[in-house]
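Read off the chains here:
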Amino acid sequence: MRRKLKTQRGSSVKAKHRASLSFRMNVLFFSIFILFSTLIFRLGYLQIVKGEEYVTALERTEEVAVNTSVPRGRIYDRYGRVLVDNEPENAITYTKMQSTKTEEMLAIAEQLAMLIEQPTDRVTLRDKQDFWIMKNKDAAYAKVTKEEEDKINANEDLGKSEKQSELDRLVRERITEEELAQLTQFDLEVLAIYREMASGYNLSPQIIKSENVTDEEFARVSERLSDLPGVNTTTDWKRVKLSSLAILGRTTVPSKGIPKSKLDYYLARDYSRNDRVGESYFEAYYEELLQGQKSVVKNITNKQGEVVDTVTTYEGEPGNDLVTTIDIELQAEAERIVEEKLLELKAKSHSELLDRAFFVMMNPNTGELLSVVGKKIEKDSKTGKEYIVDYSYGTFTTAYEVGSTVKAATLLMGYSEGVIEPGTKLIDQPIKIAGTEPKSSIFNRHGKIPLDDITALERSSNSYMFQVAMMIAGTRYRYNMGFRIQDDTLQTMRNGYAQFGLGVNTGIDLPNEFAGFQGELDNTGKILNLAIGQFDTYTPMQMVQYISTVANGGYRIQPRMLKEVRQPSEDGEVLGPVVEEVSPKILNRISNTPEEINQVRKGLRQVYVGDQGSARSYFSNTPYTAAGKTGTAEVVYYGPLREKYGTDAITLAHVGFAPYENPEVAYAVLIPWATTNYNISLPTGNQIAREVLDVYFELKDKYAKEGLSSSSVKQQILPPTSNEKIDENTKEQTVNE
């Protein structure tokens, strides 16, 4: 009986639980029903009762983003001296509304033409034709017969706009020069203003004039703004260079705007058509850092497209300031020295092919470029007068045979290929290959002189390097031997030089770098020329990367112009906080041991101080230690003077580093086609290297005394070293008076 009672009680509890759960579910479903009913009722109310009211309100508050310009970032040298700055200038802009009609824009353009002087040099023939059509519609379209118009309209393959374009094309073809000549100077100014107004986007301010806007023009337009819908007077920024260094690059001006070749690229990144953009070199490479963030203004319009209010949603930020690696004081002195030596050489006889000279100095441990010099002699086609232009970009965009300066790389390649080792002795002697003329060292045309590797560098032995190349090719020299090379010899040697950066891109942070020309191996003897730098061509930038690799113990470092990225200065006296400090980038390590590299370094030291060193007379008495290699390449001219193609010439070269024990700088000098006289020895490369190196150490002492540092977190903004200003429209050249 007890068990049955227990069972009945359990069944009762379960029944009560099921009843409670069912009740709660019913309450939940009812609540959801009430909520959905309320929501549906509310939506119906909004759409049916309030719908028209909300649509009207939405139309009145349509927001369209409008970008306005901000100053580009400044560019400084490594010590905080301004290289590229911004100067404010008056500007007149026009903002076109969605509802603006062509007739309204023409009326405003006519009013503006009476208030400002607008240059007409950018007005094209097509602009004039279209303008004449607008001003003379009846006469213009009367030039097309009814039959011609019907034929165009009957063409079902053309859309409405295409039919109008075809009609306008016929009209333009039939406008005479006499009819275009009816356009007065005032008409052309109106046209010049109108074409700027029409080239912008709706609700986007378009610069009508920002260059040479006088105070009077600015005032006249400002006073009439209420009568000129869409017109505004504001401040724009002009880019001003305080250095003639060409690799700093240029920016476009508003009248030019974005280059056509890059228009789609920049428009996709929210640029305006007449924005300033970096056009070349440093300005172009670091465009995204320098451009800054534009302010954004929301225009609130009504359904007629009329602006009823404006709200700034983002104030914008100027571009980041960029600190370069360049020491502009060292740069200026190096430019002076190179220019002087170039002109001295040009004044000598047999210099008819000479027109350029280069010097590059780099920190071999970090890749920071301290000085990049290129000077070029050009001639005015009208006056025949010669002048000097900055050709610094030629240091990485042009390449030349560099002669014996590559011999350190040839030795290190011989070590890594296992054909010689440190201390290997070979006989310097004329190399006679069957069917060819003997090839010899300059100091030994006929005899036999035993040399080790260090002495081979000191005396610049061609014969030693020839024999290294022959061993890499799989054979040893014998008099009048036939010379066949292994199939991979040429590529093996080019790969060996490439480890140092010779014949390949250096990775410099500037556009348009050139890797050089590779010679055609039409006979095996040219392998010997490759071993002494008289076959493939290399850029001055590759030369300084190569000698830096030897100087720093075997690491090929990427050369670079950018040192730091900083926020804009807040007070104009101290550079802004550091955003990014660029770190050195190692591209590769050469396949040599430290002992092998040190052996070659000893040989380079002997070039400067050895009894028979080729640069001894210029470097044996320096107050600092240094090492390097001279080069004299016998070349065939293929420069800008096409009528001189094929002329034999001499190119001078020099590479080095200092101090010898702990290198701080590496440098390269190159003077292509210095002379056509093979019987003279020109010391100009050695002179340039010595004089600029002296300046470097003098400035180092001076900076230490002044407490000037390139690594200060709170770095002072210093004035430029020159008062020279180069605006965006100035031709970048220094005329030699």
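Residues numbered from 1 in each chain as written. Predicted model: local features only at pLDDT ≥ 70, side-chain atom pairs only at ≥ 80, totals over all residues. Heavy atoms only, no water.

Participant: Talk me through the overall build of the protein chain; I want residue IDs and the actual numbers.
Facilitator: Along the backbone of the protein chain there are 24 helices and 21 strands. Rg of the C-alpha trace for the protein chain: 37 Å, well past the compact-globule value of 27 Å for 737 residues, more than 25% over. Its C-alpha atoms put the protein chain at 120 × 110 × 65 Å along the principal axes. The burial tally for the protein chain puts 51% of its 737 residues in the buried class. (Helix = DSSP H or I, 4+ residues; strand = E, 2+ residues; numbered from the N terminus. Rg over C-alpha atoms; globule rule 2.2 N^0.38 Å. Buried < 20%, exposed > 50% of the residue type's maximum accessible area, 1.4 Å probe, protein only.)

Participant: Any details on the packing of aromatic side chains? Residues and values, ideally.
Facilitator: Applying the stated criterion across every chain yields a total of 18 aromatic pairs. For the pair Y265 and Y266, a centre-to-centre distance of 5.1 Å together with 80° between the ring planes defines the contact as edge-to-face. On the accessibility criterion, Y265 (40% relative accessible area) is partly exposed. What makes Y266 buried here is its relative accessible area of 5%. On the basis of an interplanar angle of 75° and a centroid distance of 5.7 Å, the ring pair of Y400 and W673 is categorised as edge-to-face. Linking Y400 in the loop between α15 (394-397) and α16 (407-416) with W673 in strand β20 (residues 665-675), this pair joins segments that are 273 residues apart in sequence. (Phe/Tyr/Trp six-rings, centres within 6.5 Å; stacked < 30°, edge-to-face > 60°.)

Participant: Quick rundown of the pattern of salt bridges? Include the residues and the values.
Facilitator: Enumeration according to the criterion identifies 37 salt bridges in this entry. In this structure, E691 and K341 form a salt bridge, with 3.1 Å as the shortest nitrogen-oxygen distance. Taken as a pair, E691 in helix α24 (residues 684-706) and K341 in helix α14 (residues 328-346) lie far apart in primary sequence, 350 residues in all. The class of K341 is buried, set by a relative accessible area of 10%. Among the ionic pairs, R494 bridges to D536, the shortest N-O distance being 2.8 Å. On the criterion of sequence distance, the pair formed by R494 in helix α19 (residues 489-498) and D536 in the loop between α20 (526-531) and α21 (540-551) is long-range, its members being 42 residues apart. The exposure classification of R494 matches that of D536, with both residues buried. Beyond isolated ion pairs, a larger network of salt bridges with shared partners links D77, R81, D327, E329 and K702. (Salt bridge = Lys/Arg side-chain N within 4 Å of Asp/Glu carboxyl O.)

Participant: Help me get a handle on the packing of α16 against helix α22 (residues 594-609), residues and values and all.
Facilitator: Relative orientation of the contacting elements α16 and α22 amounts to 150°, with a least axis distance of 10 Å. Relative to α22, the element α16 lies roughly antiparallel. The element α16 and its partner α22 pack so that their crossing is right-handed. The segment α16 lies against α22, with A408, L411, L412 and Y415 engaging E596, I597, Q599, V600 and L604. A class-by-class count of the residues in the contact of α16 with α22 yields seven nonpolar, one polar and one charged. (Axes fitted to C-alpha atoms, helices over the stretch in contact; angles between N-to-C directions. Parallel < 35°, antiparallel > 145°, perpendicular 65-115°, else oblique. Left-handed = near helix turned anticlockwise from the far one by under 90°. Contact = heavy atoms within 4.5 Å. Nonpolar A, V, L, I, M, F, W, Y, C, P; charged D, E, K, R; others polar.)

Participant: So what's going on with the nonpolar core? Residues and values would help.
Facilitator: Counting residues in hydrophobic clusters, the biggest one holds 92 residues, and the most contacted among them are Y464, M493, Y497, V600 and L604. It is helix α18 (residues 462-472) that contributes the most residues to this core, eight residues altogether. Not counting the four nearest positions on each side in its chain, Y497 is found in contact with V406, A409, T410, M413, L502, L530, A531 and Y538. Counting residues in hydrophobic clusters, the runner-up holds 39 residues, among them M361, L370, V373 and F619. (Core = buried A, V, L, I, M, F, W, Y, C linked by side-chain atoms within 4.5 Å.)

Participant: Talk me through the confidence of the model for the protein chain; I want residue IDs and the actual numbers.
Facilitator: Averaged over the protein chain, the pLDDT score is 89; the fraction of residues at 70 or greater is 91%. For residues 1-6, every residue scores under 50 in pLDDT, and the model assigns this stretch zero contacts once sequence neighbours within four places are set aside. In this model residues 730-737 is a low-confidence stretch, pLDDT under 50, and it forms 23 contacts with partners more than four residues away in sequence or in other chains. (pLDDT = per-residue confidence, 0-100.)

Participant: Tell me about the side chain of Q206, and name the residues and values.
Facilitator: Along the polypeptide, Q206 turns up in strand β4 (residues 206-209). Excluding its chain neighbours within four sequence positions, the residues that come into contact with Q206 are I92, T93, Y94, E196, S199, G200 and N274.

Participant: Please give an account of α22 that cites residues and values.
Facilitator: Helix length check: α22 (16 residues) gives 22 Å between terminal C-alpha atoms against 22 Å at 1.5 Å per residue, within 8%. Within the span of α22, buried status applies to E596, I597, Q599, V600, R601, G603, L604, R605, V607 and Y608. (Expected span 1.5 Å × (residues − 1).)

Participant: With reference to specific residues and values, describe the environment of N552.
Facilitator: Examined against the element boundaries, N552 turns out to sit in the loop between α21 and β14 (555-557). In sequence terms N552 and P364 are 188 residues apart; their C-alpha atoms lie 6.0 Å from each other. Not counting the four nearest positions on each side in its chain, N552 is found in contact with P364, N365 and I557. Of note is the side chain of N552, whose polar atom sits 2.8 Å from the backbone oxygen of Y555. (Polar contact = N/O pair within 3.5 Å; in protein donor to acceptor, adjacent residues only side chain to side chain.)

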